[in-house]
Amino acid sequence: EAEIKLAEKNPAADITAKTEEIVDLSIEEKKAEDNNVVFIGEAFKTYIIAQQGESLYLIDKHAAHERILFEKLKKEQTPETQKLLSAVAVSLSRQEKEAVLDNTSLLEKAGFEVEEFGSSSVLVRAIPSALSDKDIDFVVGEMASNLLATGKAENQLLNDLYHSVACRAAVKAGNVQGSIELQKLAREVLLNDDIKYCP
């Protein structure tokens, strides 16, 4: 009887089943390991050092943050804006001023509220919430130059605007961030295939 029971039990099948369980378990562990981003530190206040699985990464924190902001701006149907307590006058050339005023609806899609002001300036009343008011002159000047470029489709011009905002709003090399903020940046980059390069 013992021999019959042993034959019915089929030890070979048991070994196969257990081997499959181990293989399945190791695949799950590998997936968990791949998703586990470990923040190690920062070098030169510029590069995030992180580990994922058996790989070590150096991540340019400015480029990473810029890309994250760029993707966020692109996805938002209505950008978050902040009204300025005091409107900011930005001096432009005549051609740049005309380009800006001809594209106010496009600028609104990027989170800017701009109107005419004097002979060679525009008045900025609202900006995207990601942007600091100290960056207004630079960003509006850069946007004006981009708007002067001919032959660009509206979506490309809008991407140029998002890029200007994202680049200026992103954390800079040399700036000090806490480890939690840096770890969050590393996780967003390493767990999202769309965020591998700056725009």
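This is a predicted model, so every value here is computed, not measured.

1. Observations regarding the nonpolar core
Ranked by size, the top nonpolar core spans 30 residues in total, and within it Val100, Leu107, Phe112, Val124 and Val140 carry the most contacts. Breaking this core down by element, the ones donating at least two residues are helix 3 (61-75), strand 4 (81-91), helix 4 (94-101), helix 5 (104-109), strand 6 (121-128), helix 6 (136-148) and helix 7 (154-169). Excluding residues within four positions of it along the chain, Leu107 makes contact with Val100, Phe112, Val114, Met143, Leu147 and Leu161. Ranked by size, the runner-up nonpolar core spans 12 residues in total, among them Val37, Ala64, Leu182 and Ala186.

2. Quick look at the packing of helix 4 against helix 6
Their axes nearest at 8 Å, the elements helix 4 and helix 6 cross at an angle of 85°. The orientation of helix 4 relative to helix 6 falls into the category roughly perpendicular. Here Gln95, Glu96, Ala99 and Val100 of helix 4 come into contact with helix 6, specifically with Gly141, Ala144, Ser145, Leu147 and Leu148. Across the contact of helix 4 with helix 6, the residue classes tally to five nonpolar, three polar and one charged.

3. Digging into the sheet that holds strand 4
A sheet is described by the order of its strands in space; here three strands give the open sequence 4-6-5, paired in antiparallel fashion. Each having just a single partner strand, strand 4 and strand 5 (113-117) make up the two edges of the open sheet. Between one strand and the next, the sheet's axes are offset by a mean angle of 20°, whatever the strand orientation. Pairing geometry for strand 4 and strand 6, over seven bridges, is antiparallel.

4. A look at the pairing of strand 3 (residues 55-60)
Here six bridges tie strand 2 (residues 47-52) to strand 3, and the two strands are oriented antiparallel to one another. Looking at strand 3, one finds that Gln52 is bridged to Ser55. Hairpin geometry of strand 2 and strand 3 is characterised by an intervening segment of two residues between the two adjacent antiparallel strands and by a positive phi of about 60° at Gly53.

5. Here's the deal with the confidence of the model for the protein
For the protein, per-residue confidence averages 83 on the pLDDT scale, and 80% of positions sit at 70 or higher. Helix 1 (residues 2-9) is the least confidently modelled element of the protein, averaging 40 in pLDDT, while strand 6 averages 96, the highest of any element. The model gives residues 1-11 a pLDDT under 50, and that stretch makes two contacts with residues more than four places away or in other chains. When the criterion is pLDDT under 50, residues 15-19 qualifies, and its contacts beyond four places in sequence or with other chains add up to zero contacts.

6. Quick look at unusual backbone geometry
Positive phi, close to 55°, is recorded for Phe44, a residue that is not glycine. Structurally, Phe44 can be placed in the loop between strand 1 (37-43) and strand 2. Given a relative accessible area of 73%, Phe44 falls into the exposed group. Of note, Lys45 is a non-glycine position whose phi angle comes to about 50°, a positive value. Here Lys45 shows up in the loop between strand 1 and strand 2. What makes Lys45 partly exposed here is its relative accessible area of 43%.

What counts as what
- Residues numbered from 1 in each chain as written.
- Predicted model: local features only at pLDDT ≥ 70, side-chain atom pairs only at ≥ 80, totals over all residues.
- Heavy atoms only, no water.
- Core = buried A, V, L, I, M, F, W, Y, C linked by side-chain atoms within 4.5 Å.
- Buried < 20%, exposed > 50% of the residue type's maximum accessible area, 1.4 Å probe, protein only.
- Helix = DSSP H or I, 4+ residues; strand = E, 2+ residues; numbered from the N terminus.
- Contact = heavy atoms within 4.5 Å.
- Axes fitted to C-alpha atoms, helices over the stretch in contact; angles between N-to-C directions.
- Parallel < 35°, antiparallel > 145°, perpendicular 65-115°, else oblique.
- Nonpolar A, V, L, I, M, F, W, Y, C, P; charged D, E, K, R; others polar.
- Pairing = 2+ DSSP bridges.
- pLDDT = per-residue confidence, 0-100.

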